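# Residue-level structural notes
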Amino acid sequence: MTHRLPQIAMTQRADNRVRYSDSTSTSHNHNKTRITFDKPSTQHLTYIMIKIISVGAIATVLFAAQSSAFSSLSQRSSQHISTPAASSSSALHLSAADEARQLLAKAKALREEAAVMQGKSIEEMEQEVQEKKNMAQERQAVVEKARKEREENKTIRSNTQITPVPEDAKSQIEQAASAVERAFADGIVRQTVRFALLEEEEAMSGLLNEWPGGAKQIYRESGRPLTEMLLSEVRAYSKDSSVDEEEQEASKFSRTPPEVKAEDIWDFDGSAIITATAAAGSHGDVKAVVMPNTDTKYLKDIEAFDKDVGPNRLLLLINPFWKDVESWGFNILQPNGKKRSQEVIFDNGYDVTYAVLRFSARGEDCIAIKSYPFEWQLYAYREDWSGQERPVWLGSSEEEPKSAQYSELLNSRPEFKMSKNMRQMQRMMGNDDQ
């Protein structure tokens, strides 16, 4: 019996759809059988391509895994070749290897089918599949690289975030509350806050208040109102073993304002202790010591408040009159004041988590802002065309800036090449002050 290879013929139907026919004949009966099928659609070809890639990938992974397992089993079986376990493991490997080969053979058959349908060789099909794999790997590599860069630069970006200048007391409180809560979430439970001492309706820009009434006036008209507003905004719930975990978790989202009370320490000093009693429980209570100075009495008070608050709740120092441990200096009436301040305050943290400092450098009104965890942001005010003062960002600093640093920054900026007085004179004469 002799056979002739099938001959593929293509016929045209009345509806212009291309059809393929397979004519087969034998030497015995010469019967002809015609098998027809429609030209494959794009969707069908896509389905076959996906199936090829999937089957090939599964077979490759399975084959590689089983090869690795067989390598390990071979090492063990070389030591125990006659054991039943070794024979069983080898048989298991052969079965899995056969399955992998079958999957690879199926993938090859699917590639051949797709190649015939698209009029391409198997090599071209395999090259096309490999190119798609390479493109997918390249895309994934780009995504992974971008993700790693974001993670590596996360700290850098967060530390250099620009904090805008608050326009008034209210916006200053909003910034301060956010900074205090961020620091508390990071485990900083002893903090220092230094407000720009504004009255409730006072703008941040403009002349500084001279406070002719001294510390009592500052406390009455600025220190106490600002602190009470801050404690009304801050939510700092500590972990408390006596409180149910679900209740603790729910308290984090509570925005019910606490009850805020103030109690004078020394009236003539303008100092006080202000307490916020949280609505969700005592584990959210906050205390703030307002405007303490370098008298050793305040060291005793702060030490007592520290014990009362405990290691997990928040204790704030608001606008203390000292700058660092050297502020105590030598005092014959309190010879151990410097040592005590180091023990009570500076050894216990009390990091500055929020501060707004206003001062003058080279005749310009300047402002520096610290908002945890970001760096100090440095600004100077400059008049616009209408005479309204607007803050101009000069840069940032890891440490609290000095006047010399500000002068250097101002000298490098074209907006401040002329002094404030010279700019005013230029505007009076109708000239451009740039």
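Quick look at the structure, then. Remember, it's a predicted structure, so these values are computed and weren't measured experimentally.

This part covers the packing of helix α7 (residues 296-309) against helix α8 (residues 337-344). Where α7 contacts α8, the two axes come as close as 10 Å, and the packing angle between them is 20°. As the angle between them shows, α7 and α8 are arranged roughly parallel. When you trace α7 past α8, the crossing you get is left-handed. Of the residues in α8, those touching α7 at Thr 296, Leu 299, Ile 302 and Glu 303 are Gly 337, Arg 340, Ser 341 and Val 344. Taken together, the residues of the contact of α7 with α8 sort by class into three nonpolar, three polar and two charged.

Before going further, it helps to spend a moment on the layout of surface pockets. Empty space among the atoms can be located by rolling a probe the size of a water molecule over them. When its volume is computed, the largest pocket comes out at roughly 740 Å³. Around the largest pocket, the lining is made up of 27 residues, and of these Arg 194, Asn 319, Pro 320, Trp 322 and Leu 357 lie nearest the centre. Those elements that place two or more of their residues in the lining of the largest pocket are β4 (190-194) and β9 (351-361). Counting residues per element, the lining of the largest pocket draws most heavily on β9, at five residues. Class assignment of the residues belonging to the lining of the largest pocket gives a composition of 17 nonpolar, four polar and six charged.

In terms of backbone geometry, most residues other than glycine have negative phi values and most peptide bonds are trans. Backbone torsion omega between Tyr 372 and Pro 373 reads 0°, so that peptide bond is classified as cis. Turning to its location among the elements, Pro 373 is positioned in the loop between β10 (364-371) and β11 (376-383). Despite not being glycine, Tyr 350 shows a phi value in the positive range, around 50°. Secondary-structure assignment places Tyr 350 in the loop between α8 and β9. With relative accessibility at 5%, the residue Tyr 350 sits in the buried group.

About the criteria used
- Residues numbered from 1 in each chain as written.
- Predicted model: local features only at pLDDT ≥ 70, side-chain atom pairs only at ≥ 80, totals over all residues.
- Heavy atoms only, no water.
- Axes fitted to C-alpha atoms, helices over the stretch in contact; angles between N-to-C directions.
- Helix = DSSP H or I, 4+ residues; strand = E, 2+ residues; numbered from the N terminus.
- Parallel < 35°, antiparallel > 145°, perpendicular 65-115°, else oblique.
- Left-handed = near helix turned anticlockwise from the far one by under 90°.
- Contact = heavy atoms within 4.5 Å.
- Nonpolar A, V, L, I, M, F, W, Y, C, P; charged D, E, K, R; others polar.
- 1 Å grid on protein atoms, 1.4 Å probe; cavity = no way out; pocket = protein on both sides within 12 Å on 5 of 7 lines; lining within 4 Å.
- Points joined across faces, edges and corners; volume = space filled by probe spheres on them.
- Buried < 20%, exposed > 50% of the residue type's maximum accessible area, 1.4 Å probe, protein only.

The values reported here are purely geometric and, on their own, carry no functional implication.
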